[in-house]
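# A look at the structure
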Amino acid sequence: MKKVWTVAAMALAAWGAQAQDFPGGRPITIVVPFAAGGPTDRVARDLAEAMQRHMGNSPIVIENVGGAGSTIGTTKVARAKNDGYTLLVTHVGMATTPVLYRKLSYNYETDFEYLGIINDVPMTLIGKPQLAANNFGELRQWMTANAGRINLGNAGIGSASHLCGLMFQSELKVEMTTVPYKGTAPAIADLLGGQIDLLCDQTTNTTSQIEGKKVKAYAVTTAKRLSTPALKDLPTLDEAGMKGFQVTIWHGLYAPKGTPAPVLTKLNTALKAALKDADFIKKQEGLGAVVTTDKRVEPAEHKKFVQAEVARFGPVIKAAGVYAD
């Protein structure tokens, strides 16, 4: 028995030493549960580059594991070895999939270590170019007059635009027909063509259309106006009369549950350094994203924030009765 305990103690000591040496030049993989080239993928690649500079230049690579509304890639990380070499970058889906999917192969509260929120990506409410309404006040009158005949597009069930649209309808209490697409690109194409009336989507997808005056732009979904030149004159929905309305598509960094505390500390320290990295900040601003500077960069606050988001979005999704499974 004494020999067994000695072997166990030696193994534990070796594991502790390895954790202290982390990452030790070994590559770290960040799993992105979406296809390459999308907004979350771009955030993850920018973050990997910045974090790498603060982790002894140990390589950080991106692995895209898309499918099933982010749940396949997220499950992969939940089941990965908890040594810090497999991480997850995902968006607000961490808070919406527990409601959108009635059967999940992971638990958002118990299967992950929370490392910090990376950024917030604002949303914009845009309309087809043929709409007569030129500001949100006129749009609200138009929506009231056309209740039941309005087509509100989104990039698919569980997408950021789907979430924003649900919150928007819930707040306004105006009946609309939801039209899901397989991605933002076809939704915007139909908006430009007048097949749908409205779309609420991320600034990363809509700013160029707004800047080129190809769509009608009505408002942003943040608490404060944005400083981006093409968007700075747009009011917030709160200003426009929808008091307290705020929807942003945030991104967070996660590790598998049980990752050693020394490893988590090193990862969180590197994350905080990356969020203050001038090059990273510049790249995020180019995407229309706002880098996190508040207490959500702390693991406990990150988890508390996600739990609050589940509580906020859950009733709206359930009331809509639209599920992804």
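Reference entry: report on the structure contained in this document. Note that the coordinates shown come from a computational prediction; the quantities given were computed from them, not determined experimentally. (Residues numbered from 1 in each chain as written. Predicted model: local features only at pLDDT ≥ 70, side-chain atom pairs only at ≥ 80, totals over all residues. Heavy atoms only, no water.)

### Concerning the state of the cysteines
Applied cut-off: The rule for a disulfide is simple: a pair of cysteine sulfur atoms within 2.5 Å. Secondary structure elements are taken from DSSP: a helix is a run of H or I of four residues or more, a strand is a run of E of two residues or more, and numbering for both begins at the N terminus.
For the structure on display, the rule yields 1 disulfide. Here Cys164 connects covalently by a disulfide to Cys200, the sulfurs 1.9 Å from one another. One quick way to see it: the torsion about the S-S bond of Cys164 and Cys200 is about 50°, and its sign makes the bridge right-handed. Taken together, the positions of Cys164 in helix α6 (residues 160-172) and Cys200 in strand β7 (residues 198-202) put the pair 36 residues apart, joining distant regions of the chain.

### Structural notes on helix α7 (residues 184-193)
Here is the rule: Classification of residues uses two cut-offs on accessible area relative to the type maximum, computed with a 1.4 Å probe and protein chains only: under 20% is buried, over 50% is exposed, and between them is partly exposed. What the arc measures is the spread of directions leading from the helix axis to the C-beta atoms.
Turning to α7, its buried residues number three or more, namely Thr184, Ala187, Ile188 and Leu191. Viewed end-on, α7 has its buried residues packed into an arc of 95°, placing them on one side of the element. Positive backbone phi, approximately 85°, marks Gly194, located one or two places after α7.

### Observations regarding the side chain of Thr207
Rules: Any two residues whose heavy atoms approach within 4.5 Å are treated as being in contact.
By the element assignment, Thr207 lies in helix α8 (residues 203-211). Classification of Thr207 as buried rests on a relative accessible area of 17%. When sequence neighbours within four positions are dropped, the list of residues in contact with Thr207 reads Thr228, Ala230 and Leu231.

### Side note on the side chain of Asp46
Inspection of the secondary structure puts Asp46 in helix α2 (residues 39-52). The residues contacting Asp46, other than those within four sequence positions of it, are Phe280, Lys283, Gln284 and Leu287.

### Points about the packing of helix α4 (residues 93-100) against helix α11 (residues 299-320)
Heads up, the condition is: As a rule, the C-alpha atoms of each element are fitted with a line to give its axis, helices using only the stretch in contact, and angles between N-to-C directions run from 0 to 180 degrees. Each angle is binned into one of four classes, with values under 35 degrees roughly parallel, values over 145 roughly antiparallel, values of 65 to 115 roughly perpendicular, and all other values oblique. Crossing handedness follows the turn of the near helix against the far one: under a right angle anticlockwise gives a left-handed crossing, and clockwise gives a right-handed one. Note that Gly is not counted as nonpolar here; it falls among the polar residues with everything else outside the nonpolar set of Ala, Val, Leu, Ile, Met, Phe, Trp, Tyr, Cys and Pro and the charged set of Asp, Glu, Lys and Arg.
Contact geometry for α4 and α11: axes closest at 8 Å, N-to-C directions at 40°. With respect to each other, α4 and α11 are oriented oblique. Crossing hand, α4 versus α11: right-handed. Touching Met94, Ala95, Thr96, Val99 and Leu100 of α4 are Val306, Glu309, Val310, Phe313, Gly314, Ile317 and Lys318, all from α11. Residues of the contact of α4 with α11, tallied by class, amount to 8 nonpolar, 2 polar and 2 charged.

### Some words on unusual backbone geometry
Backbone torsion omega between Phe22 and Pro23 reads 0°, so that peptide bond is classified as cis. Here Pro23 is to be found in the loop between α1 (2-21) and β1 (28-32). Residues other than glycine seldom take positive phi values, yet Ala68 does so here, at roughly 55°. Examined against the element boundaries, Ala68 turns out to sit in the loop between β2 (60-64) and α3 (71-78).

### Comments concerning the pairing of β2
A regular strand places its side chains on the two faces of the sheet in alternate fashion. The test is simple: Between any two strands, at least two bridges found by DSSP are needed for them to pair.
Judged from the 5 bridges that link them, β1 and β2 form a sheet pairing that is parallel. Counted as the bridge partner of Thr29 is Val61 from β2.

### With respect to the pattern of salt bridges
Note the following rule: By salt bridge we mean one thing: a side-chain nitrogen of Lys or Arg within 4 Å of a carboxyl oxygen of Asp or Glu.
Applying the stated criterion to the full structure yields 17 salt bridges. When the shortest N-O distance is used, the salt bridge between Arg225 and Glu239 registers 2.9 Å. Within this pair, whereas Arg225 is found in the loop between β8 (216-220) and β9 (248-256), its partner Glu239 is found in the loop between β8 and β9, the two being separated by 14 residues in sequence. Residue Lys283 is joined to Asp279 by a salt bridge in which the shortest nitrogen-to-oxygen separation is 3.5 Å. Here Asp279 and Lys283 lie together in helix α10 (residues 278-286), a separation of 4 residues that amounts to about one turn. Given a relative accessible area of 28%, Lys283 falls into the partly exposed group. Judged by relative accessible area, Asp279 falls into the partly exposed class, the value being 33%. Here the residues in one salt-bridge network are Glu49, Arg53, Asp277, Asp279 and Lys283, joined through shared partners.

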